[in-house]
Amino acid sequence: MTSANEELVTRSAEELRRLIGTKHISPVELVDACIERIETLNPAVNAVTATCFDAARREAKVAEQRVMDGHELGLLHGLPMGVKDLEDTAGLLTTYGSPMSRGNVPSRDVVLVKRLRKQGAILLAKTNVPELGAGANTRNPVWGATGNPFNTTLNAGGSSGGSAAALACDMLPVCTGSDTGGSLRIPASKCGVVGFRPSPGLVPNSRRLLGWTPISVVGPMGRTVAEAALQLAAMAGESLGDPLSYSVDALGFTRIGQIDLAKLRVGYTEDFGCCDVDESIRAAFRSRVAAIEGMVHTCEPVDFNLGEVHRCFDVIRAESFVAGLRTAYERDPSALGPNTRANYEMGAKMSLADSAWAQCEQTRIFQRFQSAFSRYDVIISPTTPVSPFPWTELYASTVQGRPQENYYRWLALTYVVTLATNPALSLPCGVDEADMPFGLQIVGPFRGDLQTLAISHAFEHAFTGSSTLRRPRPNLSHLREANPALKSLVTSPPIFNPSGSDASGLSMV
């Protein structure tokens, strides 16, 4: 990769947008640099799946002309974008990581993608996911596995693992994600980037079948808090496609206020009183708490009583899988992967009484959780309970020596926050005892998205002066060779829809 392109792709999204607006760089130049980066590094990590390089180059020329003609420019004008492969993109293969959708080329964008494109983002590629987003290890039989940029034999988290790995490798300045049990936060933690789960409804989610259920959201990822906030500003606001969406001053997210950490009240918990966490992660978290104590006004442990939080999540999560997979399961259960099939079968056995109980229990969890914010501005915890494990292992079967009763129980640190519906961000915070990225989960008050971002930004700034707390960066010199093992899960090549492939310049990497 040329040194000029290498330097360009490492610049922040907000700086790249400013340079485009002032005519110091061209969108064409930036798109070409990102394509070169993807072609150089993606064979080693398998973060990017379907691409539309030719179409992106054409869009970049149009974007360049708009700058030269003095037109008003969007927040993301000219910035290349990767979209998680759960989100429909017009003209570009969208498989959801499932063999059932190997040839699916949508005719329209979801609302999320429409909004980002309206603000000038240029679609360049899709990013890898677990099959149908089920699980926090990004691997599927269509595209294979995504390796962690810090050690490609280990997993990148999920389900937004492709986006997180692409950001960590500086392949793209804009990448989308989504989150039910932690799918924005967990891969961000494992890859050393920022993943922000916004309050339900802040960013419209037009593909959620159960429109009134708040556990599934879409949201931004970034290499920094400011990058995530810039993307959020382009996403947020009311939409008729999502009954939970609401009006908001979206541009306000580009103006993160200054937070005086010396006045901040922080509560911390290693496990929310109910989650298994490896001792090595507890030790890493304690060291972060010790460092933070000297930065803030208050930093003290907080106790939680979250009731039957695990059973509650089991039921509410299963409801969405039953809603989405009933037809496919009845047609051919064997077409579903082990995670998705287990979710459907668990949900199919549940009753209306189970569902009613879970809705009531989630309300009780919400109320108990909010009481903690009468004393604290934010609550911090580890994002994940284990260091990244080999991608060949479907999930963490044991945590702290305890067997996990299902494939997602190890995600409890993030899904208990999901049930409370508070905004939460995973902030890179050095490395753990295995020299892999450590993520600090920062949970804000109910609907306190801007406050959560501002506090996270302040911590991020404070951490930059510490070699043990600042964001870790992967050694990209180790990622110059293809890693064919990551493709070992692929059962057959994707089948492209001829009506969409030629027109979009569709290709695979």
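Keep in mind the model is a prediction, meaning the values are calculated, not measured.

Reading the values: the criteria
- Residues numbered from 1 in each chain as written.
- Predicted model: local features only at pLDDT ≥ 70, side-chain atom pairs only at ≥ 80, totals over all residues.
- Heavy atoms only, no water.
- Axes fitted to C-alpha atoms, helices over the stretch in contact; angles between N-to-C directions.
- Helix = DSSP H or I, 4+ residues; strand = E, 2+ residues; numbered from the N terminus.
- Parallel < 35°, antiparallel > 145°, perpendicular 65-115°, else oblique.
- Contact = heavy atoms within 4.5 Å.
- Nonpolar A, V, L, I, M, F, W, Y, C, P; charged D, E, K, R; others polar.
- Salt bridge = Lys/Arg side-chain N within 4 Å of Asp/Glu carboxyl O.
- Buried < 20%, exposed > 50% of the residue type's maximum accessible area, 1.4 Å probe, protein only.
- Expected span 1.5 Å × (residues − 1).
- Arc of directions from axis to C-beta.
- Pairing = 2+ DSSP bridges.
- Right-handed = clockwise from strand over helix to strand, strands pointing away.

Peer 1: What exactly am I supposed to notice about the packing of helix H10 (residues 309-331) against helix H11 (residues 338-348) here?
Peer 2: Packed helices, taken two at a time, are described by the angle between their axes plus the distance between the axes. In contact at an axis separation of 7 Å, H10 and H11 are set at 105° when each is read in the N-to-C sense. The orientation of H10 relative to H11 falls into the category roughly perpendicular. From H10, Asp 314, Arg 317, Ala 318, Phe 321, Val 322, Leu 325, Arg 326 and Tyr 329 reach across to H11, where they touch Thr 340, Arg 341, Asn 343, Tyr 344, Glu 345, Met 346, Gly 347 and Ala 348. Broken down by class, the residue content of the contact of H10 with H11 amounts to 8 nonpolar, 3 polar and 5 charged.

Peer 1: What is the right way to look at the pattern of salt bridges in this model?
Peer 2: Across all of its chains, the model carries 33 salt bridges by this definition. One salt bridge in this structure joins Asp 242 and Arg 208, with 2.6 Å as the shortest N-O distance. You can see Asp 242 sitting in the loop between helix H8 (225-235) and strand S11 (265-268) and its partner Arg 208 sitting in the loop between strand S9 (194-197) and strand S10 (217-222), a full 34 residues away along the chain. With a relative accessible area of 14%, Arg 208 lands in the buried category. The network of salt bridges with shared partners includes Glu 6, Arg 37, Asp 170, Arg 223, Glu 227, Arg 473 and Arg 480.

Peer 1: I would appreciate a short explanation of helix H9 (residues 279-293) in the present structure.
Peer 2: Since there are 3.6 residues in each turn of an α-helix, residues three or four apart along the chain are aligned in direction. In this model, H9 (15 residues) spans 21 Å end to end at C-alpha, consistent with the 21 Å of a helix rising 1.5 Å per residue. For H9, the complete set of buried residues consists of Ile 281, Arg 282, Ala 284, Phe 285, Arg 288, Val 289 and Ile 292. For H9, the angular spread of the buried residues around the axis is 160°, confining them to a single face.

Peer 1: Hey, could you run me through the pairing of strand S3 (residues 122-127) in this one?
Peer 2: A regular strand places its side chains on the two faces of the sheet in alternate fashion. Counting buried residues in S3 gives 6 out of 6 residues, a clear majority hidden from the surface. With 2 bridges joining them, strand S1 (residues 48-51) and S3 adopt antiparallel strand pairing. Paired with Val 48 across the strands is Thr 127, a residue of S3. The pairing of strand S2 (residues 80-84) with S3 spans 5 bridges and is classified as parallel. Bridged to Pro 80 within S3 is Ile 122. A crossover links S2 with its parallel partner S3, the connecting element being helix H5 (residues 111-118), and its sense is right-handed.

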